[in-house]
Amino acid sequence: MRHSIPDKYLDSLLAANSARLGPAFADPAAFRVEIFYTRIDRDARNRPHLTEHHWPQAPSSYFYPASTVKLPAALLTLETLHQLGIPRDADMLTDSLPGISAATLADTSSPTGMPSAEHYIKKIFLVSDNDAFNRLYEFLGQEALNAGLHRKGYPDSRIIHRLSMPLTPEANRQTNGARFLQNGKLLYTRPPRHYDGPAPGTAPREPEQAGNAHYAGDSLVAAPFDFSQKNRLRLGDLHRILQSIIFPETVTSRERFRLTEDDYRFLYRYMSRLPTESEGTDPKFDTGEFHRNYTKYLMGGADSSIRLPPGLRIFNKSGWAYGFLTDVAYFADFANNIEFLLSARVYANTDGIIGDDTYDYETIGKPFLRELGAIIYETELNRERKYKPDLQRFQEGKTRIHIP
């Protein structure tokens with residue numbers, strides 16, 4: 001139920017809107033642009049039939065996935081908790097690793113004051129919290145995290161470091177111990193671990209470099225930055241991972257994450273929820289900083305002034321770092337009965353220096369993703385469909401997932 005076709009269609013559509021897409025579309029190689037767009041057509045039984053478009057046909061440059069690695073980490077955490085028989089809302093206490101990371105024994109953003117995998121995942125999707133990802137990375141461990149992705153058919157993936165923590169590769173091979181408790185009763189203890197195996201992931205197909213200069217401490221080095229000790233996750237794999245949780249019935253058993261119907265409800269709620277909608281048991285945020293479009297790049301442009309159509313929900317995970325911007329998203333408009341999958345990346349760093357914090361996010365990267373999302377949305381809004389989709393399963397309180 002998934003088809004890939006040559007992309008003259010997407011090429012024509014983008015070319016017709018080139019003025020809106022700006023410099024990134026004019027020189028996609030320099031800006032390392034890549035796009036996956038999946039059109040969804042339902043049959044009389046509401047089964048989705050997917051047609052995938054990929055542009056350009058053969059992008060060859062490395063891109064840094066930034067916070068998009070949090071998506072598979074969240075999914076593998078849920079899967080692992082099921083295997084261990086641990087409720088996702090159990091208290092999760094992370095032990096310290098001397099010289100690497102401190103213990104995490106409380107969470108002031110949680111109504112109970114205690115951390116949990118569930119609360120970490122909420123923060124990952126609501127505001128892309130780095131500490132939340134780091135606790136999941138430490139719980140899973142480097143070996144299990146990567147082996148889990150490789151088993152599901154993503155052999156190029158490589159998640160080998162915590163985020164926003166300047167640690168050596170050796171330090172990132174070490175992960176903290178953790179304990180899970182519920183109502184004061186110890187459920188499970190995971191000891192600290194050290195991964196001694198080979199570097200995860202297949203050998204790279206291209207040099208893993210960007211820029212023409214980079215900072216090493218306070219020194220400017222006149223050479224590209226080497227990302228070979230950084231995370232790697234291809235956009236096509238991210239797009240497929242998103243498809244596997246939005247439409248689990250369309251992927252193979254091997255690719256499917258072992259999740260329950262309640263897990264899907266939980267994911268759909270927080271992947272589409274906005275920081276300004278946090279309530280009840282949700283973490284609370286400063287909505288001045290974490291505005292409604294804070295993590296919505298495609299169509300939202302990460303711009304607080306943009307108001308999306310009232311019936312539209314965007315289920316996504318975005319990431320930004322070192323000049324790279326990425327967003328993988330499922331769009332569902334409940335008012336107009338339209339849906340599609342869209343993933344894109346762009347490298348916005350015209351001065352060519354990595355580490356100077358002078359990137360072209362606001363002038364090139366965000367406008368490109370904003371307009372790309374809008375163009376595809378407008379196209380889908382005007383597209384004729386033989387059968388209108390029933391999107392109830394993606395609405396809060398109405399999720400009913402067929403899990404093969």
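Residues numbered from 1 in each chain as written. Predicted model: local features only at pLDDT ≥ 70, side-chain atom pairs only at ≥ 80, totals over all residues. Heavy atoms only, no water.

Considerations on the sheet that holds strand S11 (residues 219-221)
Put simply, the test is: A pair of strands is labelled paired if DSSP reports no fewer than 2 bridges between them. Strands here are runs of E lasting at least two residues and helices are runs of H or I lasting at least four, both read from the DSSP assignment and numbered beginning at the N terminus.
Strand order in the open sheet formed by 3 strands is S11-S10-S16, with mixed pairing between adjacent strands. Only two strands of the sheet have a single neighbouring strand rather than two, namely S11 and strand S16 (353-354).

Quick notes on the packing of helix H4 (residues 70-84) against helix H6 (residues 130-140)
Under the convention used in this document: In this analysis, axes come from line fits to C-alpha atoms, helices being fitted only over the stretch in contact, and the angle between any two N-to-C directions falls in the range 0 to 180 degrees. Should an angle fall under 35 degrees it is called roughly parallel, over 145 degrees roughly antiparallel, and 65 to 115 degrees roughly perpendicular, with every other angle called oblique. With the far helix as reference, a near helix turned anticlockwise by less than a right angle produces a left-handed crossing, and one turned clockwise produces a right-handed crossing. Residues count as neighbours in contact if any of their non-hydrogen atoms are within 4.5 Å of one another. Gly falls in the polar group here, along with every residue not listed as nonpolar (Ala, Val, Leu, Ile, Met, Phe, Trp, Tyr, Cys, Pro) or charged (Asp, Glu, Lys, Arg).
At a minimum axis separation of 10 Å, H4 and H6 run at an interaxial angle of 45°. When the axes of H4 and H6 are compared, the pair comes out oblique. Between H4 and H6 lies a crossing of left-handed hand. In contact with Lys70, Ala73, Ala74, Leu76, Thr77, Thr80, Leu81 and Leu84 of H4, H6 contributes Asn130, Phe133, Leu136, Phe139 and Leu140. Residues of the contact of H4 with H6, tallied by class, amount to 9 nonpolar, 3 polar and 1 charged.

Some remarks on the sheet that holds strand S4 (residues 91-94)
What holds strands together in a sheet is hydrogen bonding between their backbones, with the strands either parallel or antiparallel. With antiparallel pairing, the 3 strands of this open sheet are ordered in space as S4-S6-S7. Two strands close off the open sheet at either side, each with one partner strand: S4 and strand S7 (185-190). Looking at each pair of strands side by side, their axes are set apart by 20° on average, direction ignored. In this structure, strand S6 (residues 178-182) lies alongside S7, joined through 5 bridges in antiparallel fashion. The partner of Ala178 across the bridge, within S7, is Arg190. Contacting S4, S6 and S7, H6 crosses the sheet at an angle of about 80° to S4.

These values are about where atoms sit, not about what they do.
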